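What follows is the residue order along each chain.
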Amino acid sequence: MISIRGLTKRFGSTAVLDGIDLDIAEGERVVVIGPSGTGKSTLLRCLNFLDRPDAGTIAIGDVSVDVARATKRDILALRRATAFVFQNYALFANKTAKENIMEALVTVQGRPREEAERRAREVLAETGLAEKADSYPAALSGGQQQRVGIGRAMAIGAELMLFDEPTSALDPEWVGEVLDLMRRVAAQRQTMLIVTHEMQFAREIADRVIFMEGGRIVEQGPPGQVLEAPHDARLRRFLRRVA
Amino acid sequence: MRALDLDYMLGLVPVILGYVPLTLFMAAVAMLCALVLASLLAVERVIRVPGLDWLVVLFISFFRGTPLLVQLFLFYYGLPQVLSFLTQINGVTAAIMGLTLHFSAYMAEAIRAAITGVDRSQWEAAQSIGMTQAQMMRRIVLPQAGRIAAPTLVNYFIDMIKGTSLAFTLGVTEMMGATQKEASGSFLYFEAFLVVAILYWIIVEVLSQGQKQLETHLNKAYAR
Ligand SMILES: Nc1ncnc2c1ncn2[C@@H]1O[C@H](COP(=O)(O)OP(=O)(O)OP(=O)(O)O)[C@@H](O)[C@H]1O
Ligand SMILES: [Mg+2]
């Protein structure tokens, strides 16, 4: 169970997140949509403390943090309860595909190397990249890199997986394989919070779609409702534009 | 104008070669110490520990801003007068200390620039999985910065080897000191210093070849 209350983030004088309240049930798949610059990335980055929020509370599993008073320990705990998939993959350039996946298990979770390596091989097999275990990111296609990126996040076993436009940086030919992998993650009842512009994918995978604008949640509900029968005029305008 | 005494020069080569190990030893130890110190200084410059930052800035500024020879004299002849526990410091130790401090200031700047050159996404990925700052530096940022800085650091190592010649002013008989002694016995200054110059030159050339190979190797790294 994830519970976010009054999450606020300012850059200068503008509130990029303006008091976000959001509950996510275990295993729920939530897709966030909205125009550019409305704070979708900032929301995900604040949950991971890549951006430090200014106010609000975040509770993920048994980690509960008042962000204004968050200590280093709180921040690490929150980061360890979440797993982030980046738009630009952000694989560790000095580590092979297998080592990228092992890194969090060994360094952060303190698991034995053999166990981490076994887990990494399992995950690579799931992502269809078993034969790329010893390749460095620079030798992988964008689609392969993003599948390793998702594998790295899967292996952590985090309470919540965060995806920030995981297919936006990809050549069109690689988008399908990444979405397929995300479908497989979703099928495992992993709790997911996904920012994407892939409306068809959202319709198919989401339990709930959230429309954000101006740092607020403007409308939310099941995909059938939000995407097919939107109430808010701004949402209707947005959907016409992306269709 | 007189002819070069080639026999004297050839005879001198094995004598000076005998001091090459000491020269390389001083440079290697100073290089290792400087690498560690410079990495610490560079990391501090990047993350800016409050209360420590000004000290590091001062340190780097001083050791880059004053001549190595002056620093060596300050340590070897000067410091023991104010710090009594340093009275037994020998020339080799003082030279290694001086080279370490002097070059760590330069190397810190090179490593700092390399750290800044590591893509921001690498830092964020490390943070996102819950690494501590120390883990992120040690496992992700510094290894990548090391690759970027390596060619520059080899240049500093070459400078350092040449810099060991100043140790003779602290009474250390290394390559330069040995040559100085030989020359003042034979009065064949030109021959003697020409021999030692050529020997330094050869050492540096060998290292430069190694540096080229290192660069090709580094360009291929992480790409398999
Ligand atoms: N580090 C920063 N400093 C200042 N302003 C920032 C910073 N990061 C984001 N912003 C601003 O915050 C607002 C929200 O940005 P954010 O990246 O969250 O939008 P987004 O909804 O993800 O947009 P997109 O669909 O383009 O990715 C934007 O106006 C952006 O310019
Ligand atoms: Mg964004």
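Just so we're clear, the structure is a prediction, and the values are computed from it rather than from any experiment. (Residues numbered from 1 in each chain as written. Chains lettered and ligands numbered in written order. Predicted model: local features only at pLDDT ≥ 70, side-chain atom pairs only at ≥ 80, totals over all residues. Heavy atoms only, no water.)

### Quick word on the nonpolar core
Step number 1: Within the largest apolar cluster, 149 residues are counted, with the highest numbers of intra-cluster contacts made by Leu7, Ile33, Ile150, Met161 and Leu193 of chain A.
Step number 2: Here this core gets 13 residues from one element, more than from any other, and that element is helix H5 (residues 91-117) of chain B.
Step number 3: Setting aside residues no more than four positions away along its own chain, methionine 161 of chain A makes contact with Ala83, Val85, Ile150, Ala153, Met154, Val185, Gln190, Thr191, Met192 and Leu193 of chain A. (Core = buried A, V, L, I, M, F, W, Y, C linked by side-chain atoms within 4.5 Å. Buried < 20%, exposed > 50% of the residue type's maximum accessible area, 1.4 Å probe, protein only. Helix = DSSP H or I, 4+ residues; strand = E, 2+ residues; numbered from the N terminus. Contact = heavy atoms within 4.5 Å.)

### A short note on the side chain of glutamate 191 of chain B
Residues and elements named next belong to chain B.
Step number 1: Position of glutamate 191 among the secondary structure elements: in helix H9 (residues 189-220).
Step number 2: Under the relative-accessibility criterion, glutamate 191 is labelled buried at 0%.
Step number 3: Beyond its immediate stretch of four places on either side in the chain, glutamate 191 contacts Arg2, Ala3, Leu4, Asp5, Tyr8 and Met9.

### Section: the pattern of salt bridges
Two side chains that carry opposite charge are able to pair once their charged atoms sit near each other.
Residues and elements named next belong to chain A.
Step number 1: Applying the stated criterion across every chain, the model contains 26 salt bridges over all chains.
Step number 2: Notably, a salt bridge pairs arginine 216 with aspartate 18, separated by 2.7 Å at the nearest N-O pair. Of this pair, arginine 216 sits in strand E10 (residues 216-221) while aspartate 18 sits in strand E2 (residues 14-24); the two residues are 198 residues apart in sequence, bridging distant segments of the chain.
Step number 3: Between glutamate 103 and lysine 95 there is a salt bridge; the shortest N-O distance is 3.6 Å. (Salt bridge = Lys/Arg side-chain N within 4 Å of Asp/Glu carboxyl O.)

### A short note on the UniProt feature "transmembrane region" (unreviewed entry) in chain B
All names here are of chain B.
Step number 1: Under the UniProt annotation, "transmembrane region" (unreviewed entry) lies at residues 20-43, 55-79, 85-106 and 186-204.
Step number 2: This span, residues 20-43, is 100% helix and 0% strand, and a straight line between its end C-alpha atoms measures 34 Å.
Step number 3: Regarding residues 186-204, the helix share stands at 89% and the strand share at 0%, and the terminal C-alpha atoms are separated by 27 Å. (UniProt positions renumbered as here; feature names shortened; annotations may be inferred.)

### Focus: the pairing of strand E9 (residues 208-213) of chain A
Residues and elements named next belong to chain A.
Step number 1: Within E9, five of the six residues are buried, which leaves it mostly tucked inside the rest of the structure.
Step number 2: Where strand E3 (residues 29-33) lies against E9, four bridges are found, and the strand directions are parallel. Counterpart to valine 32 in the pairing with E9 is isoleucine 210.
Step number 3: In this structure, E9 lies alongside E10, joined through five bridges in antiparallel fashion. Bridging across to E10, glutamate 213 finds its partner in arginine 216. (Pairing = 2+ DSSP bridges.)

### Examining the pairing of E2 of chain A
Residue and element names in this part refer to chain A.
Step number 1: Sheet topology note: the strand E1 (residues 2-11)/E2 ladder contains eight bridges and is antiparallel. Within the sheet, the bridge partner assigned to threonine 8 lies in E2 and is aspartate 18.
Step number 2: Connecting the antiparallel pair E1 and E2 is a turn made up of two residues, with glycine 12 showing a positive phi of about 65°.

### Concerning the side chain of glutamine 145 of chain A
Residues and elements named next belong to chain A.
Step number 1: With respect to the helices and strands, the residue glutamine 145 is situated in helix H5 (residues 142-156).
Step number 2: A polar side-chain atom of glutamine 145 sits 3.5 Å from the main-chain carbonyl oxygen of proline 137.
Step number 3: Once residues lying within four places of it in the same chain are set aside, the contact partners of glutamine 145 are Tyr89, Leu91, Pro137 and Leu140. (Polar contact = N/O pair within 3.5 Å; in protein donor to acceptor, adjacent residues only side chain to side chain.)

### Some points on the sheet that holds E3 of chain A
Residues and elements named next belong to chain A.
Step number 1: Strand order in the open sheet made by the six strands is E6-E7-E8-E3-E9-E10, with mixed pairing throughout. Each of the sheet's edge strands pairs with one partner strand only, and the pair in question is strand E6 (82-85) and E10. The average undirected angle you get between the axes of adjacent strands in this sheet is 20°.
Step number 2: The pairing of strand E7 (residues 160-164) with strand E8 (residues 192-195) spans four bridges and is parallel. (Axes fitted to C-alpha atoms, helices over the stretch in contact; angles between N-to-C directions.)

### Structural notes on H5 of chain B
Residues and elements named next belong to chain B.
Step number 1: Here H5 contains 27 residues, and its C-alpha end-to-end distance of 38 Å stays within 8% of the 39 Å for a straight helix at 1.5 Å per residue.
Step number 2: Largest kink in H5: about 30°, centred on serine 104.
Step number 3: Between a side-chain oxygen at the N-terminus of H5 and the backbone nitrogen of valine 92 the separation is 3.1 Å; the capping residue is asparagine 90. (Expected span 1.5 Å × (residues − 1). Bend = angle between axes of the 7 residues up to and from the residue.)

### What to know about the packing of aromatic side chains
Step number 1: In the structure shown here, the tally under the stated rule is eleven aromatic pairs over all chains.
Step number 2: For the pair phenylalanine 211 of chain A and phenylalanine 238 of chain A, a centre-to-centre distance of 5.5 Å together with 40° between the ring planes defines the contact as tilted. Here the residue phenylalanine 211 of chain A occupies a position in strand E9, and phenylalanine 238 of chain A occupies one in helix H9 (residues 233-242), the gap between them amounting to 27 residues.
Step number 3: Their ring planes at 15° and their centres at 6.4 Å tell us that phenylalanine 63 of chain B and phenylalanine 75 of chain B sit as a pair that is stacked. With phenylalanine 63 of chain B in helix H3 (residues 53-65) and phenylalanine 75 of chain B in helix H4 (residues 68-82), this pair connects stretches of sequence that are twelve residues apart. The burial state of phenylalanine 63 of chain B is the same as that of phenylalanine 75 of chain B; both residues are buried. (Phe/Tyr/Trp six-rings, centres within 6.5 Å; stacked < 30°, edge-to-face > 60°.)

### Re the packing of helix H3 (residues 97-108) of chain A against H5 of chain A
All names here are of chain A.
Step number 1: The contact between H3 and H5 brings their axes to 9 Å, and the two run at 25°. Overall, the two elements H3 and H5 adopt an arrangement that is roughly parallel. In this structure, H3 crosses over H5, and the sense of that crossing is right-handed. Here Ala97, Asn100, Ile101, Ala104 and Leu105 of H3 lie close against H5, whose contacting residues are Val148, Gly151, Arg152, Ala155 and Ile156.
Step number 2: Grouping the constituent residues of the contact of H3 with H5 by class yields seven nonpolar, two polar and one charged. (Parallel < 35°, antiparallel > 145°, perpendicular 65-115°, else oblique. Left-handed = near helix turned anticlockwise from the far one by under 90°. Nonpolar A, V, L, I, M, F, W, Y, C, P; charged D, E, K, R; others polar.)

### Overview of the UniProt feature "domain: ABC transporter" (unreviewed entry) in chain A
Step number 1: Those places that UniProt annotates as "domain: ABC transporter" (unreviewed entry) correspond, in this numbering, to residues 2-239 of chain A.
Step number 2: End C-alpha atoms of residues 2-239 of chain A are separated by 28 Å, and the span's content is 40% helix alongside 26% strand.

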